[in-house]
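Reading the structure
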Amino acid sequence: MSEDPAIRHFQDLVSPTHANADSTVIYIRASALLSRLKALNRNANAATRAHKQATTEARQDMDQTHLGLQNLLYEKRHLEREIDKCRQFASIYQDVPLHSLPEFQQLAPPEAISPDVLETPHQLMLNRLSFELAERQRLDLRRKELIAHKEDLLKQSKIKLATVESVKMQIDTLVKAAAEIQKKVNELVPPPPLSAATTPAAS
């Protein structure tokens, strides 16, 4: 930083060249220079306060950005867990076995397994076929419900995947913004210069 002319003028006033000068003139000039130095001091204080305020605001912005980043990362992890749950969903309809005769006798309604029916192989077969048809229709209805549920889960998974991508984009944007804010903070608050005591001696 260049030296202000007022300081040089002060130095000039106390130099031997003005030893015999009129004290009134010296006083007037000194008063004017002192006013100038006071103004410079006020400006320096104002600039310092402005830089401190700017630094505080930049740090607050950076803290807010960091907090937003943490929230987005938490939301991303939550969505990824939900997507995994959707992908691991398993339907049971594929494992339903056909009914054997003992199972039919145990599960069918009483009228389908009356003594007369059990003694008539043809009627028994008709009743078993009717029961199988009813069971298959019931299972088919259940299968359709499960497929619809699975499709709904897949839709939710796609929506959540799209949300994750959006979150990733927001994270990238926030990271870039944080880097810009950090850069501004570094510009506003440069590192202090090394003092003579900490400067390594030249070899």
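Residues numbered from 1 in each chain as written. Predicted model: local features only at pLDDT ≥ 70, side-chain atom pairs only at ≥ 80, totals over all residues. Heavy atoms only, no water.

Structural notes on the overall build of the chain
Counting its secondary structure elements, the chain contains five helices and zero strands. Going from N to C terminus, the chain has its helices and strands arranged as α-α-α-α-α. Expressed as a percentage of the 203 residues in the chain, the buried residues total 17%. Intrachain contacts of the chain at a sequence separation of at least 6 include 70% that bridge at least 24 residues. (Helix = DSSP H or I, 4+ residues; strand = E, 2+ residues; numbered from the N terminus. Buried < 20%, exposed > 50% of the residue type's maximum accessible area, 1.4 Å probe, protein only. Contact = heavy atoms within 4.5 Å.)

Let's talk about the pattern of salt bridges
A full pass over the atoms with the stated rule returns eight salt bridges. Close ionic contact of Lys85 with Glu82 constitutes a salt bridge, the shortest N to O distance being 3.7 Å. In this pair, Lys85 and Glu82 are both assigned in helix α2 (residues 23–87), three residues apart and thus about one turn of the helix distant. A salt bridge links Lys168 to Glu165; its shortest N-O distance comes to 3.9 Å. With Lys168 and Glu165 both in helix α5 (residues 121–188), this residue pair falls three residues apart, about one helical turn. Lys168 sits in the partly exposed class, given a relative accessible area of 33%. The exposure class assigned to Glu165 is partly exposed, which follows from its relative accessible area of 45%. (Salt bridge = Lys/Arg side-chain N within 4 Å of Asp/Glu carboxyl O.)

A word on the side chain of Glu135
Checked against the element boundaries, Glu135 lands in helix α5. Overall, Glu135 belongs to the buried group, its relative accessible area being 14%. Here Arg138 takes part through its side chain, which lies 2.9 Å from a polar atom of the side chain of Glu135. (Polar contact = N/O pair within 3.5 Å; in protein donor to acceptor, adjacent residues only side chain to side chain.)

Quick notes on the UniProt feature "coiled-coil region" (unreviewed entry) in the chain
Per the UniProt record, the feature "coiled-coil region" (unreviewed entry) sits at residues 30–57. With 100% helix and 0% strand, the stretch residues 30–57 has end C-alpha atoms that lie 40 Å from each other. (UniProt positions renumbered as here; feature names shortened; annotations may be inferred.)

Focus: the side chain of Lys160
Mapped onto the fold, Lys160 is located in helix α5. Overall, Lys160 belongs to the buried group, its relative accessible area being 16%. In contact with Lys160, other than residues within four places in its own chain, are Leu79, Glu82 and Ile83.

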